Protein chains: 2
Amino acid sequence: MNVLIVHAHPEPASFTSALFQAAREHFQSQGATVEVSDLYATQFDPVASDQDFTSRAEADYLVYALEQRHAAKAGTLRSDIQSEIDKINRCDLLILSFPVYWYSMPAILKGWIDRVFVSGLFYGGRRIFDQGGMRGKRALVCATLGGRERMFSAEGIHDDLRDLFRPLLKGTLGYTGFEVLEPFFGYHVPYLDDQARRDILGDWQQALANIDSRPVLAMPITGEYSSNFEERIG
Amino acid sequence: MNVLIVHAHPEPASFTSALFQAAREHFQSQGATVEVSDLYATQFDPVASDQDFTSRAEADYLVYALEQRHAAKAGTLRSDIQSEIDKINRCDLLILSFPVYWYSMPAILKGWIDRVFVSGLFYGGRRIFDQGGMRGKRALVCATLGGRERMFSAEGIHDDLRDLFRPLLKGTLGYTGFEVLEPFFGYHVPYLDDQARRDILGDWQQALANIDSRPVLAMPITGEYSSNFEERIG
């Protein structure tokens, strides 16, 4: 098995970073090949721009997704993007590890998706969800936050976190064809004592050991929709 | 009236940029003071890091939100962050203008929020929603995308876009106290002819002219929740 772990935390000694290292060690001990993209350590550039293409389909007017399609075909994506795509192509399992910033990813990880999940390779036309470019691969999100779990419930002031993360879980990972595993959330982390943190770390290690039986999130089935995806026909 | 427009598009000649310019012209013609943060033009740095603080509460271990609170009080936020905060403090209306990337904002705008919406000033403890730091100000999102409106419906393959944008509309703008206006979405933009684009531009100008009667999104009322926000008591 080939695993790619993409990690985005500004503090190498953070608890989130400990979860990242635990995942790396778990899969290495299983004999898997583990690759890593530590976005802060490598100062990954998260800003999608015209600099991402070494040649242009349309030099005077930038339509980012169109240039992605052109450059993916022509082999003219900037090298930092191409090397991330190569890593994803090699992996069977993608893990995203990050702290929750504003019910979403830190910008450095959002920009990794903006730049790396290129049109044409990851998706295109009707090639989404079960027809997406990444079908056959699994994805698992591991995220930490300050809030308590009960705040994110029907009773609490916030909405369910799995629901708030639909742009990533469904709209990005599911959309491009990944089989998306039930995400792992570490709640209330900055306020926990060492024992409570060890408990979360243990839960995470358990989740990794049992990854093959981890629930998979349901995604739309493209064949159940009209060709323009505007009507359900199935 | 003071208006701040934050714009994040890599192509200055894009339709999204035309919507941005139309907003600027509209409010100027009304006699309002209009400030602008054009994030691509100024190459705004979107990566939250230890470089954001000119002095540290805890030099050896970075807890980003804790350093934000410390630096906001001590006046030691990096100058590019402080100048954005000053602009927000001066404004009565904040407009965010961007193309939809992955059912969310481009990373450069996500990072503007990560770095500028600092703990302590924008929110803290029970100072969220109706008690948030930005109460008394309004916010309006203007975003463009490739999808057609009917794809984002109960019948279509995607979820409702207002719902997918809850992390921004509720979890960020509402959370920090803004009165959040019904967002404006320009659908299917890359595939539209000039007339259809002119229609969207006209709708946007109409929306701006009628901004005082634009619907406001409902937000939680903090007094209706227990002190830990885990139970509804109201």
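Rules behind the numbers
Residues numbered from 1 in each chain as written. Chains lettered and ligands numbered in written order. Predicted model: local features only at pLDDT ≥ 70, side-chain atom pairs only at ≥ 80, totals over all residues. Buried ≥ 20, exposed ≤ 12 C-beta atoms within 10 Å, placed from the backbone. Helix = DSSP H or I, 4+ residues; strand = E, 2+ residues; numbered from the N terminus. Contact = placed C-beta atoms within 7 Å. Nonpolar A, V, L, I, M, F, W, Y, C, P; charged D, E, K, R; others polar. pLDDT = per-residue confidence, 0-100. Axes fitted to C-alpha atoms, helices over the stretch in contact; angles between N-to-C directions. Parallel < 35°, antiparallel > 145°, perpendicular 65-115°, else oblique. Left-handed = near helix turned anticlockwise from the far one by under 90°.

Right, let's talk about helix α4 (residues 107-116) of chain B for a bit. Along an α-helix, residues three or four positions apart point the same way, because every turn accommodates 3.6 residues. A large share of α4 of chain B lies buried, amounting to 10 of its 10 residues. Those residues of α4 of chain B not exposed but buried are Ala-107, Ile-108, Leu-109, Lys-110, Gly-111, Trp-112, Ile-113, Asp-114, Arg-115 and Val-116 of chain B. On the buried face of α4 of chain B, the contacting elements are α4 (107-116) of chain A together with β1 (2-7), α3 (79-90), β3 (93-99) and α6 (166-174) of chain B.

Between chain B and chain A, the residue contacts involve 42 residues of the former and 42 residues of the latter. Of all elements in the fold, only α4 and α6 of chain B reach the threshold of two or more residues within the side of chain B that touches chain A. In terms of residues, the side of chain B that touches chain A owes the most to one element, α4 of chain B, which gives six residues. In terms of residue class, the side of chain B that touches chain A is built from 24 nonpolar, six polar and 12 charged.

Our focus in this paragraph is the confidence of the model for chain A. Fine structural detail should not be taken from predicted coordinates in areas where pLDDT scores are low. When pLDDT is averaged along chain A, the result is 96, and 100% of the positions lie at 70 or above. Interface confidence in the predicted complex, given as ipTM, is 0.97; pTM for the same model is 0.97.

This part covers the environment of Gly-171 of chain A. All names here are of chain A. Its location among the elements puts Gly-171 in helix α6 (residues 166-174). Classification of Gly-171 by C-beta neighbours within 10 Å gives partly exposed; the count is 18. Here the alpha-carbon distance between Gly-171 and Ser-17, two residues 154 residues apart in the chain, equals 26 Å.

Secondary-structure assignment places Ala-48 of chain B in the loop between β2 (33-38) and α2 (64-74). Each C-alpha atom of the pair Ala-48 of chain B and Ala-13 of chain B lies 29 Å from the other, and the pair is 35 residues apart in sequence. Excluding residues that lie within four positions of it along the chain, Ala-48 of chain B makes contacts with Pro-10 and Pro-106 of chain A together with Tyr-64, Gly-111, Asp-114 and Arg-115 of chain B.

Residues and elements named next belong to chain B. The geometry of helix α1 (residues 15-29) relative to helix α7 (residues 194-209) is characterised by a closest axis approach of 10 Å and an angle of 30° between their N-to-C directions. In terms of orientation, α1 and α7 fall into the roughly parallel class. Of the two possible hands of crossing, α1 and α7 adopt the one that is right-handed. Mapping the contact onto sequence places Phe-15, Ala-18, Leu-19, Ala-22, Ala-23 and His-26 in α1 and Arg-197, Leu-201, Trp-204, Gln-205 and Leu-208 in α7. Taken together, the residues of the contact of α1 with α7 break down into eight nonpolar, two polar and one charged.

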